Amino acid sequence: MAIGTIIIACCPGGLASNFFTYWTEGDVTLSVCMTTASTILGIGMMPWCIFLYTQSWVSMSTAVVPSYVDIIVALVVLLVPAAFGMLIQWKAPRAAERIALVLNILVNIGLAAFLVITAIAFTPIFKSSWRPYAVAFLYPLLAFIFGYCVAWIFKRTKQQRKTIAFETGVQNTALALSLINLLILQGKGGKGVSEMMIVPTIHGFAVLSEGFMILGLYWAYKRLILKEKGFASLKKNSQANLVANMEEDEKKTTVDSTYVSPSVASVKTVDEAVQTGP
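Now for a description of the structure that goes with this document. Just so you know, these numbers come straight off a predicted model, no measurement behind them.

Rules used in this analysis
- Counting from 1, residues in each chain are numbered in the order their sequence is written.
- Whole-chain, interface and lining totals are the exception, using all residues; otherwise, since this is a predicted model, local features are given only for residues with pLDDT of at least 70 and side-chain atom pairs are given and counted only at 80 or more.
- Only heavy atoms go into the side-chain values, all of them from the structure, while hydrogens and water stay out.
- Strands here are runs of E lasting at least two residues and helices are runs of H or I lasting at least four, both read from the DSSP assignment and numbered beginning at the N terminus.
- Burial classes: relative accessible area under 20% of the type maximum marks a residue as buried, over 50% as exposed, and values in between as partly exposed (1.4 Å probe, protein chains only).
- Contacts are residue-level and defined by heavy atoms, with any inter-residue pair within 4.5 Å sufficient.
- To be clear on the numbers: accessible area is Shrake-Rupley with a 1.4 Å probe, and residue cover counts the displayed protein chains and nothing else.
- Axis lines are fitted through C-alpha atoms, for helices just across the contact stretch, and the angle between N-to-C directions can take any value from 0 to 180 degrees.
- By the definition used in this description, the sense in which the near helix is turned from the far one sets the handedness, with an anticlockwise turn below a right angle giving left-handed and a clockwise turn giving right-handed.
- Each residue is assigned to one class: nonpolar for Ala, Val, Leu, Ile, Met, Phe, Trp, Tyr, Cys and Pro, charged for Asp, Glu, Lys and Arg, and polar for all the others, Gly among them.
- Only protein atoms enter the 1 Å grid used here, on which a cavity is any set of points holding a 1.4 Å probe that cannot leave and a pocket is any open set flanked by protein within 12 Å on both sides along at least five of seven lines; residues with an atom within 4 Å of a point are listed as lining.
- Grid points are joined across faces, edges and corners, and a volume is the space filled by probe spheres set on the points.
- Residue count minus one, scaled by 1.5 Å, sets the expected span of a helix.
- A residue's bend is the angle separating two fitted axes: one through the seven residues that end there, the other through the seven that start there.
- Here a polar contact means two N or O atoms within 3.5 Å. Within protein one must be a hydrogen donor candidate and the other an acceptor candidate, and residues neighboring in sequence count only if both atoms are side-chain atoms.
- Remark: nonpolar core denotes a set of buried residues (Ala, Val, Leu, Ile, Met, Phe, Trp, Tyr, Cys) joined through side-chain atoms within 4.5 Å.

**Structural notes on the overall build of the chain**
Alright, step 1. Regarding its fold elements, the chain presents 11 helices and 0 strands.
Alright, step 2. Put simply, the chain runs from its N terminus to its C terminus through helices and strands in the order α-α-α-α-α-α-α-α-α-α-α.
Alright, step 3. Here the chain, with 278 residues, has 32% of them falling under the buried criterion.
Alright, step 4. A separation of at least 24 residues holds for 79% of the contacts in the chain among residues at least 6 apart in sequence.
Alright, step 5. Of the roughly 17,600 Å² of accessible surface on the chain, 70% is carried by carbon and sulfur atoms.

Here's what the structure looks like:
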């Protein structure tokens, strides 16, 4: 179970971070770049980190090595749709908006189906004790908070903070489970290898649950609090504009009352000259 936790922690960023970044109006470009970079670096860093953190289980650590095929598949799944999306956004922006709306609906349905299928297919895993649940649910939540705080310390923008938070908290659960399944198929790791799936499986469920919870809180905050602030600022601006217009009208009235046209001034001068005489 401990090795399963280490495996999920050493995995690169998952695709769900890109979706959550998009839905919370974060920096999608930064999100895709971070996921791509972590996936490429995972080719060499993931086996090294697993070996470093599992030295107490030397035989197990030498067996848990990610397949290059899995890394390449993860990169293709990430980069090819992103490239098509950029091309459509460049050539046909209106069509891109419609496609994004349809894909948002399909992705939400897919994620909901994943949660239901996971709960049904891995029912024995969800009957575990409270400790795997504590690790699986606290890990992404603390990672979200840590990533956001670090981005805030380095004075990143709000969009970048949200992006870094999701990239820190979301790991590639599918890659972790594929590694463990590979161990099971190869007959490595002994009887305890099946227990390695407990934390990664619950972690995938926890990440999506907490991600949707954060998404709901964000949109509730945007609709309620930011809407009230917008009305307040609009009211304040309208009052300020009204006062400024009144002051400007007063200035114009003062200028008009003190202004004497040249024709009137010349007539007064002629009248005064006629009255005084030579």
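Still more ground to cover, so stick around.
**Quick notes on the packing of helix 7 (residues 130-153) against helix 8 (residues 158-169)**
Pairs of packed helices are described in terms of their axes, by the angle between the two and the distance that separates them.
Alright, step 1. Between helix 7 and helix 8, whose axes approach to 7 Å, the crossing angle comes to 145°. For the crossing formed where helix 7 meets helix 8, the hand is right-handed. On helix 8, the residues touching Pro140, Ala143, Phe144, Phe146, Gly147, Tyr148, Ala151 and Trp152 of helix 7 are Arg161, Lys162, Ile164, Ala165, Phe166, Thr168 and Gly169.
Alright, step 2. Here the residues of the contact of helix 7 with helix 8 sort into 10 nonpolar, 3 polar and 2 charged.

**Section: the packing of helix 1 (residues 2-10) against helix 3 (residues 28-53)**
Alright, step 1. Following both chains from N to C, one finds helix 1 and helix 3 inclined at 150°, their axes separated by 10 Å at the closest point. The element helix 1 and its partner helix 3 pack so that their crossing is right-handed. Mapping the contact onto sequence places Ile6, Ile7 and Cys10 in helix 1 and Met46, Cys49, Ile50 and Tyr53 in helix 3.
Alright, step 2. Residue composition of the contact of helix 1 with helix 3, grouped by class: 7 nonpolar, no polar and no charged.

**Looking at the layout of surface pockets**
Alright, step 1. A volume near 560 Å³ is recorded for the second largest pocket.
Alright, step 2. Lining of the second largest pocket is provided by 17 residues; of these, Tyr148, Lys162, Ile214, Tyr218 and Tyr221 occupy positions nearest its centre.
Alright, step 3. Looking at the lining of the second largest pocket, the elements that each hand over two or more residues are helix 7, helix 8 and helix 10 (198-258).
Alright, step 4. The greatest single-element share of the lining of the second largest pocket, amounting to 7 residues, is contributed by helix 10.
Alright, step 5. For the lining of the second largest pocket, the residue count by class is 12 nonpolar, 1 polar and 4 charged.

**Some points on helix 3**
Alright, step 1. An ideal rise of 1.5 Å per residue puts 38 Å on 26 residues; helix 3 reaches only 32 Å between its terminal C-alpha atoms.
Alright, step 2. The sharpest bend along helix 3 comes to roughly 60°, located at Gly42.
Alright, step 3. Considered for burial, the residues of helix 3 that qualify are Ser31, Val32, Thr35, Thr36, Thr39, Gly42, Met46, Pro47, Cys49 and Ile50.
Alright, step 4. Of the residues flanking the start of helix 3, the one acting as N-cap is Asp27, its side-chain oxygen 3.3 Å from the backbone nitrogen of Thr29.

**Comments concerning the nonpolar core**
Alright, step 1. Counting residues in each nonpolar core, the largest one holds 22 residues, and the members touching the most others are Ile7, Cys10, Cys11, Met46, Met196 and Ile202.
Alright, step 2. Within the residue set of this core, elements represented by two or more residues are helix 1, helix 3, helix 9 (173-186) and helix 10.
Alright, step 3. Element by element, the count of residues in this core is highest for helix 9, at 6 residues.

**Quick look at unusual backbone geometry**
Of all residues except glycine, most have a negative phi; of all peptide bonds, most are trans.
Alright, step 1. A positive phi is found at Glu25, a non-glycine position, where the angle reads about 60°.
Alright, step 2. Along the polypeptide, Glu25 turns up in the loop between helix 2 (16-23) and helix 3.
Alright, step 3. Phi is positive for Lys155, close to 60°, though the residue is something other than glycine.
Alright, step 4. As for its position among the elements, Lys155 is in the loop between helix 7 and helix 8.
Alright, step 5. A relative accessible area of 72% places Lys155 in the exposed class.

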